[in-house]
Amino acid sequence: MAGNPDVPAALVAELRDARARVESLEKSERLQQALYEIADLAGSDLEMDEMLQRLHAVVAGLMYAENFYIVLFDDVRDSYRFLYFADRLDPYVAEPEREILAEESPTSLTLALLHHGEPVRGSSDEVRRQLSVGRDDRHGPDSEDWLGVPMRRDDRVCGAIVVQSYDRPDSFGDEERALLAFVAQHILTALDRHQAREELELRVEERTQALQQSNRDLQSEIVERQRAERLQRALFRIAELSITSETLERFYAQVHDVVGELLYARNFYIALLSDDGERLEFPYSIDERDAARVTRRLGAGMTEYVISSGRPVLADRRRIAELEAQGHWRSHGSLSHCWLGVPLFRNEAVVGVIAVQSYSNAINFSARDQDLLTFVAHHISIGLARKQGQDRLIAAHVELEHRVESRTRELAMANAELLEQIGERLRAEQKLTHQARHDALTGLPNRSQLLDRLSAAISNARTNARHSSMGEASRVFAVLFLDLDRFKLVNDSVGHSAGDDLLVEAGRRIVATVRDGDTVARLGGDEFAILVEDIDGLYVAEELAQRILNALGQPCWVAGREVFPSASLGIALWHPRYHTGAELLRDADAAMYRAKASGRDRCAVFDEAMREQALQILDLEADLRRAINGDSFIAHYQPIVRLGDNVVIGHEALLRWRHQTRGLLSPGEFIGVGEDNGLIEEVDWLMYAQVISRLSVEGTGYISINVSPRHFRTDDFADRLLRLINAAGADPRRLRIEITEVALLDDVPRALRTLEMLRSHGVLAQLDDFGTGYSALSYLHRFPIECLKIDRSFVAGLTGDSKNESIAVVRAIQALAGALGIYTIGEGIESDEQRALLRELGCDYGQGYLLGRPAEQMSPAIPQAVNR
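No experiment lies behind these values; they were computed from the predicted model shown. (Residues numbered from 1 in each chain as written. Predicted model: local features only at pLDDT ≥ 70, side-chain atom pairs only at ≥ 80, totals over all residues. Heavy atoms only, no water.)

**A short note on the nonpolar core**
Side chains of nonpolar character tend, in soluble globular proteins, to be buried together. In terms of nonpolar packing, the biggest core is built from 68 residues, with I705, F712, L721, I737, I739, L755 and L788 touching the most fellow members. Of the residues forming this core, the biggest block, eight residues, is contributed by helix α18 (residues 680–695). Those residues within four positions of L721 in sequence are excluded, and the remaining contacts are W685, I692, I705, L735, I737 and L758. Counting residues in hydrophobic clusters, the runner-up holds 56 residues, among them F487, V514, M592 and M610. (Core = buried A, V, L, I, M, F, W, Y, C linked by side-chain atoms within 4.5 Å. Buried < 20%, exposed > 50% of the residue type's maximum accessible area, 1.4 Å probe, protein only. Helix = DSSP H or I, 4+ residues; strand = E, 2+ residues; numbered from the N terminus. Contact = heavy atoms within 4.5 Å.)

Shown next as structure tokens:
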């Protein structure tokens with residue numbers, strides 16, 4: 001090697017590549033930090049101006065952006081607004097609320113960029129030539145370098161970000177353009193979030209105002225109700241006075257007092273016809289101006305008008321003057337500003353008038369006052385009837401007694417009904433309390449009640465432990481966690497109703513098996529837990545667990561079918577390290593999963609090994625969270641080779657984790673933890689971004705990424721992936737997605753929409769692990785699939801004991817692919833014999849350790865010979 005002159009050059013190139021990678025990582029770190037800052041600003045309480053200034057500062061930290069502005073575009077109205085403007089030469093001040101129509105500035109570079117819809121870079125003259133825009137000095141000074149990037153929402157241009165340099169040509173390149181495009185979408189997201197927050201605050205304010213208005217309406221309603229209650233009390237009082245008043249004079253005065261509580265009655269009088277009907281008498285009169293009203297012969301007065309018409313009269317001064325001018329009446333005494341009189345009846349004949357009046361223009365009577373006074377007049381008529389003799393008085397007393405008796409019965413019935421409602425409410429509260437602590441289906445205690453009992457058991461166990469240290473015998477308790485095996489099969493095959501019947505029967509059998517003092521709870525789904533207290537040791541819990549498994553294993557009939565249920569059961573024995581019932585349930589649950597993994601229909605005891613494993617999982621989860629923030633995930637690329645001439649046509653990106661202490665980890669070592677806590681989704685998108693970034697800078701073939709059903713079933717998967725591609729400036733035709741049959745069949749309409757949207761942009765789909773599913777053949781022709789990847793189990797079987805069966809399966813897959821017009825890729829090729837057989841069966845492409853192992857760098861070619 002010392003004599004080889006190429007070695008130093010290779011080392012130099014390697015060092016140069018390493019420095020480039022370090023610079024790329026540093027840029028990625030700065031970009032990621034900038035995106036975090038943009039996201040934080042979007043969620044902050046800052047005013048829009050301050051937020052935009054800070055966004056400007058973030059962009060300036062990534063590139064030259066001293067002269068920087070943001071515009072928003074309305075493609076329907078063909079108008080734009082300057083949301084933010086910062087420039088060292090142009091004194092223009094942004095007016096975010098001012099809308100600039102296209103016809104107002106036809107020579108604007110900014111408007112031309114918005115219409116163009118794609119990034120534009122160059123000097124002002126070059127940009128004008130590119131966009132076919134004439135020169136116009138009204139739009140600010142020319143720049144040596146101008147870079148504009150549109151902001152898009154879906155496929156519509158909704159704004160743009162522009163940076164420019166007045167004294168440095170070539171300030172911006174492709175890297176700045178891609179960076180600004182990438183940051184622009186995040187700034188758009190930040191603006192959308194900020195606008196959404198402002199809209200939410202506006203809606204909250206509107207809702208608050210609506211609630212305040214509702215409160216005011218409610219207060220008005222309360223006032224109205226209180227007025228109605230006062231009116232009702234007054235009416236009852238008047239009715240009572242008509243019977244209890246000792247004399248008519250006393251009755252008149254008391255009625256006046258009651259009316260005065262309801263309306264203005266400072267000027268009040270009662271007028272009656274004499275027995276011969278020729279004169280008008282005033283048995284009661286209180287007035288500010290006319291101290292006394294003397295008896296007079298019937299004439300054309302206002303009181304006489306009411307008597308003759310038999311109807312109430314409400315008149316203000318203008319109406320009084322009109323009726324006087326028409327000759328209907330003539331005023332007696334002082335002229336009032338507003339007058340209200342209602343007739344008094346006896347046996348349907350008018351016998352008098354009750355009247356109130358006001359001498360001030362500040363006081364007027366209403367129709368409500370008229371109705372009230374009409375009712376009062378009716379009760380005065382009842383009182384006047386007392387003059388007709390003792391018989392009517394006795395009859396009135398009898399009538400009153402009947403009314404009181406009826407009212408008493410009504411009140412008694414109302415009281416009995418109220419007591420019944422109180423009892424019903426108490427029963428409802430008891431029922432709700434029971435429902436809150438019991439499972440609605442089985443009637444067993446629920447998780448909340450079980451945790452309460454576990455807390456009491458832990459407290460008792462700690463007390464017993466103190467007593468045992470003084471010589472008393474120590475008693476312990478245990479928690480059994482039970483999960484029915486293959487319960488989903490029952491739901492899927494015979495329905496959820498039958499599944500509920502099976503759960504009820506399982507709960508009944510468990511309760512029948514345990515001791516009287518034990519607690520059986522249903523935690524949800526097909527999970528049950530049993531609290532076994534006051535036992536001598538673990539063997540008691542194990543014996544009970546075996547009895548429960550035996551009881552559950554007996555056959556039963558569900559939906560007309562004989563079912564042989566079974567369960568997996570985990571046991572956690574009390575230990576002083578436990579502080580809460582949730583910790584005991586967690587460990588019993590872990591032991592149950594150990595039992596299920598060991599073959600089901602058995603029990604397992606939580607031990608220190610499981611505890612250590614649980615701690616390892618917790619540590620791994622914490623490491624996983626730190627790794628997401630620390631960019632510790634990398635993609636390894638395994639070549640996909642054309643078997644005929646060994647040419648590499650593409651690579652499959654495989655996820656790897658560069659762990660700080662454990663080295664390079666494959667997905668199998670951490671994907672389970674990531675799926676349990678949901679972090680694997682973030683990891684996948686980190687790798688997608690890394691792969692797409694790689695696509696944009698190197699290689700010629702395609703790269704395929706694995707997409708889990710969890711991602712594929714989300715509504716925005718395709719849109720989010722395409723935004724990544726666009727932001728990175730990558731060619732979408734060089735990207736493939738690998739999905740499984742499960743992802744296709746989970747939601748067929750959604751899968752079709754997603755695949756067609758991606759295909760329309762150039763991203764094709766490959767069906768991974770084909771042949772291991774159970775129903776994809778009936779749907780496969782409906783989906784736009786580029787190729788089928790033959791599962792490695794069939795490729796491995798080509799050289800094993802199941803060679804004939806594997807050959808038949810591969811031949812069938814090739815026939816199906818040929819009928820659909822798609823190609824196939826054999827996975828897991830590890831020997832020349834497998835490679836040769838795949839070629840004979842018509843498979844033209846493959847991948848596997850024989851053809852190339854996964855590596856950080858993509859392979860330009862495979863060095864093995866074509867024929868072996």
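**Some remarks on the sheet that holds strand β6 (residues 156–165)**
Spatially, six strands are ordered β3-β2-β1-β6-β5-β4 in an open sheet, and the strand pairing comes out antiparallel. Looking along the sheet, the strands with just one partner apiece sit at the ends: β3 (100–101) and β4 (120–122). Where helix α4 (residues 124–131) meets the sheet, its contacts fall on β4 and β5 (145–153), and the angle it forms with β4 comes to roughly 140°. (Pairing = 2+ DSSP bridges. Axes fitted to C-alpha atoms, helices over the stretch in contact; angles between N-to-C directions.)

**Topic: the pairing of strand β20 (residues 633–642)**
Sheet faces and side chains relate simply in a regular strand, where the side chains alternate between the two faces. Most of β20 sits out of view: nine of its ten residues are buried. Bridge analysis of β20 against strand β21 (residues 647–659) gives ten bridges, and the strand direction is antiparallel. Among the inter-strand pairings, R642 is bridged to a residue of β21, identified as V647. Counted between consecutive antiparallel strands, the loop separating β20 from β21 contains four residues, among which N646 sits at a positive phi close to 65°.

**A word on the sheet that holds strand β13 (residues 476–484)**
If you walk across this open sheet you meet the five strands as β14-β15-β13-β18-β19, and the pairing is mixed. Each edge of the open sheet is held by one strand with a lone partner, namely β14 (519–524) and β19 (602–605). Along the sheet, successive strands turn relative to each other by an average axial angle of 20°, direction set aside. Here β13 runs beside strand β18 (residues 567–573); their pairing, made up of seven bridges, is antiparallel. Paired with L482 across the two strands is L569, which belongs to β18. Sheet contacts for helix α13 (residues 496–513): β13, β14 and β15 (527–535); angle to β15, the most-contacted strand, approximately 10°. Packing of helix α14 (residues 538–552) onto the sheet brings it into contact with β13, β15, β18 and β19, and relative to β18 it is tilted by some 165°.

**Section: the layout of surface pockets**
Looking at the second largest pocket, its volume works out to about 810 Å³. The wall of the second largest pocket is formed by 29 residues, among which E652, L654, P667, N706 and D768 lie closest to the centre. Contributing elements (two or more residues each) for the lining of the second largest pocket: β21, α17 (671–677), α18, α19 (709–712), β24 (735–739) and β25 (764–770). Counting residues per element, the lining of the second largest pocket draws most heavily on β21, which supplies five residues. (1 Å grid on protein atoms, 1.4 Å probe; cavity = no way out; pocket = protein on both sides within 12 Å on 5 of 7 lines; lining within 4 Å. Points joined across faces, edges and corners; volume = space filled by probe spheres on them.)

**Considering the pairing of β6**
Where burial is concerned, most of β6 is hidden: nine out of the ten residues are buried. Note: strand β1 (residues 67–74) against β6, six bridges, orientation antiparallel. Its bridge partner lying in β6, N67 is registered against Q164. Alignment of β5 against β6, held across nine bridges, turns out to be antiparallel. Looking at the pairing, V149 lines up with I161 of β6. With antiparallel pairing between neighbouring strands as the criterion, β5 and β6 make up a hairpin whose turn holds two residues, including D154 at a positive phi of roughly 60°.

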